[in-house]
Amino acid sequence: MFNRAIPSKITAYFKFSDNSLMTNKTDNLYAATIDQQSFSFDGQVAEVFPDMIQRSVPGYDQILKNTAKFAARFVTANSHCYDLGCSLGASSLAMSAGIKADQVKIIGVDNSQAMLARCQHHIEAFKHSTEIELQCGDILDFPIENASMVVLNFTLQFIDQAERAELLDKIYKGMNPGAVLLLSEKICFEDAADNALMIDLHHQFKRENGYSELEISQKRSLLENVLVPDTLEQHTARLAKVGFSRSRCWFQQYNFVSIFAIK
Ligand code: GEK
């Protein structure tokens, strides 16, 4: 269900809690020593996800706010918007807050049932002006059609590197001429000294947000081989190869970027 009022502050819903599946818990999953082998988007992660992503990803709020601005400019009437790897629906709600065109459907896709169960509650709890449909599935298999905007906010980094070009090719083919892809990612740097500096600044950001050395190092080990970053140059070259007429990095803080690409 949806109605016409939009949230005045897109990320306000992180603080909203009147339901057991609404999520405002502090992330302390890795505060004690764990014997977990690798990271997965399970129920425990879904429960603390808003706190986790805000305290871990520099610029996350900025990227959401600007997702609404891109939506206002690019989303056209009678088209689809896709939020691929939608987690709890923050980017879907951000798009909805910006969209001015009529007869638009936002489709949020995620392969984590735990995320989608909570996402449904967030979407229902927050007023939004555009229909948001949630689909459980692998974004590698999911059909994209009639898209005026596609958002991949911190999702491509979890896709096998060998499959990234094929996924972007499918997205490109499903986009209308003039449509926008918003691609936000953690990146790495060719230069070892630059890479080390950016990782260090990111870890400082996490410490300043209350994470301990143990939490930072355990999370880093868990994400190894799960979150595999590309360089900015790899991203822009891949986007050009797929056919996007232009792409540009419009946001960067340390090793976190957001890129727009236009068909
Ligand atoms: C946000 N975009 O808040 N198919 C579907 N979903 C997937 C796949 C896949 N193959 N691989 C990973 N996911 C969100 C944040 S989080 C980023 C995105 C992060 C999903 C996974 O289940 C998770 O919900 C999401 O991608 C990545 O703007 O945690 O750093």
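The paragraphs below set out a description of the structure included in this document. Keep in mind that what you see is a predicted model, and the values were worked out from it rather than measured.

Conventions adopted
Residues numbered from 1 in each chain as written. Predicted model: local features only at pLDDT ≥ 70, side-chain atom pairs only at ≥ 80, totals over all residues. Heavy atoms only, no water. Helix = DSSP H or I, 4+ residues; strand = E, 2+ residues; numbered from the N terminus. Buried < 20%, exposed > 50% of the residue type's maximum accessible area, 1.4 Å probe, protein only. Contact = heavy atoms within 4.5 Å. Areas by Shrake-Rupley, 256 points an atom, 1.4 Å probe, with all protein chains shown as cover. Core = buried A, V, L, I, M, F, W, Y, C linked by side-chain atoms within 4.5 Å. Near = heavy atom within 4 Å. Polar contact = N/O pair within 3.5 Å; in protein donor to acceptor, adjacent residues only side chain to side chain. Nonpolar A, V, L, I, M, F, W, Y, C, P; charged D, E, K, R; others polar. Patch = residues over 30% accessible without salt bridge, like charges linked within 9 Å, V, L, I, M, F, W, Y side chains within 5 Å. Salt bridge = Lys/Arg side-chain N within 4 Å of Asp/Glu carboxyl O. Lys, Arg positive; Asp, Glu negative; His and termini not counted. Charge placed at Lys NZ, Arg CZ, Asp CG, Glu CD. Arc of directions from axis to C-beta. Phe/Tyr/Trp six-rings, centres within 6.5 Å; stacked < 30°, edge-to-face > 60°.

## Considerations on the overall build of the protein
Phase 1: If you tally the helices and strands in the protein, you get 8 helices and 8 strands.
Phase 2: The buried share of the protein, taken over its 263 residues, is 51%.
Phase 3: Counting contacts in the protein only where the partners sit at least 6 residues apart, residues at least 24 apart contribute 79% of the total.
Phase 4: Summed over all atoms, the accessible surface of the protein reaches about 12100 Å², with 48% contributed by carbon and sulfur.

## Comments concerning the nonpolar core
Phase 1: Counting 28 residues, the largest nonpolar core has Leu84, Leu152, Ile171 and Leu181 as its most contacted members.
Phase 2: Within the residue set of this core, elements represented by two or more residues are strand 1 (80-84), strand 2 (105-110), strand 4 (147-153), helix 5 (164-174), strand 5 (175-188), helix 8 (232-242) and strand 8 (256-262).
Phase 3: Residue contributions to this core peak at 5 residues, all from strand 5.
Phase 4: Here Ile171 is in contact with Leu84, Ile144, Val150, Leu152 and Leu181, once residues within four sequence places are set aside.
Phase 5: Among the nonpolar cores identified, the runner-up in size contains 22 residues, and Cys81, Leu93, Phe126 and Leu134 belong to it.

## Considering the site of the ligand
Phase 1: In the vicinity of the ligand there are 21 residues, among which Tyr60, Gly85, Ser87, Ser91 and Asp110 approach most closely.
Phase 2: At 2.9 Å from a nitrogen atom of the ligand is found a side-chain nitrogen or oxygen belonging to Asp138.
Phase 3: Protein contact buries 94% of the 660 Å² of open area that the ligand shows by itself.
Phase 4: Within the residue set of the shell around the ligand, elements represented by two or more residues are helix 1 (43-56) and helix 3 (90-98).
Phase 5: Class assignment of the residues belonging to the shell around the ligand gives a composition of 10 nonpolar, 9 polar and 2 charged.

## Some thoughts on a negative patch on the surface
Phase 1: Together, Asp138, Asp141, Asp160, Glu163 and Glu166 line one region of the surface with negative charge.
Phase 2: By the element assignment, Asp138 lies in the loop between strand 3 (131-136) and strand 4.

## Digging into helix 5
Phase 1: When we look at burial in helix 5, the residues that qualify are Arg164, Leu167, Leu168, Ile171, Tyr172 and Gly174. What you see down the axis of helix 5 is that its buried residues fit within an arc of 165°, all on one side. Along helix 5, the residues that are exposed and aim more than 90 degrees away from the buried face are Glu166 and Lys173.
Phase 2: Taken together, the buried residues of helix 5 touch strand 1, strand 4, strand 5, strand 6 (230-231) and helix 8.

## Considerations on the packing of aromatic side chains
Phase 1: Tallied over the entire structure, the rule returns 6 aromatic pairs.
Phase 2: Seen in terms of ring centroids, Phe70 and Phe74 are 6.3 Å apart; in terms of plane orientation they differ by 25°. Their pairing is stacked. Here Phe74 and Phe70 lie together in helix 2 (residues 60-74), a separation of 4 residues that amounts to about one turn.
Phase 3: On the basis of relative accessible area, Phe74 is assigned to the partly exposed category, the value being 21%.
Phase 4: Between the aromatic rings of Phe70 and Trp250, the centroid separation amounts to 5.4 Å while the plane-to-plane angle is 55°, which identifies the pairing as tilted. Of this pair, Phe70 sits in helix 2 while Trp250 is found in strand 7 (residues 246-253), placing the two residues 180 residues apart along the sequence.

## Observations concerning the environment of Ala77
Phase 1: As for its placement among the helices and strands, Ala77 is situated in the loop between helix 2 and strand 1.
Phase 2: Considered as a pair, Ala77 and Ile99 are 22 residues apart in the sequence and their alpha carbons are 9.5 Å apart.
Phase 3: Those residues in contact with Ala77 that sit more than four places away from it in its chain are Ala101, Asp102, Gln103 and Val104.

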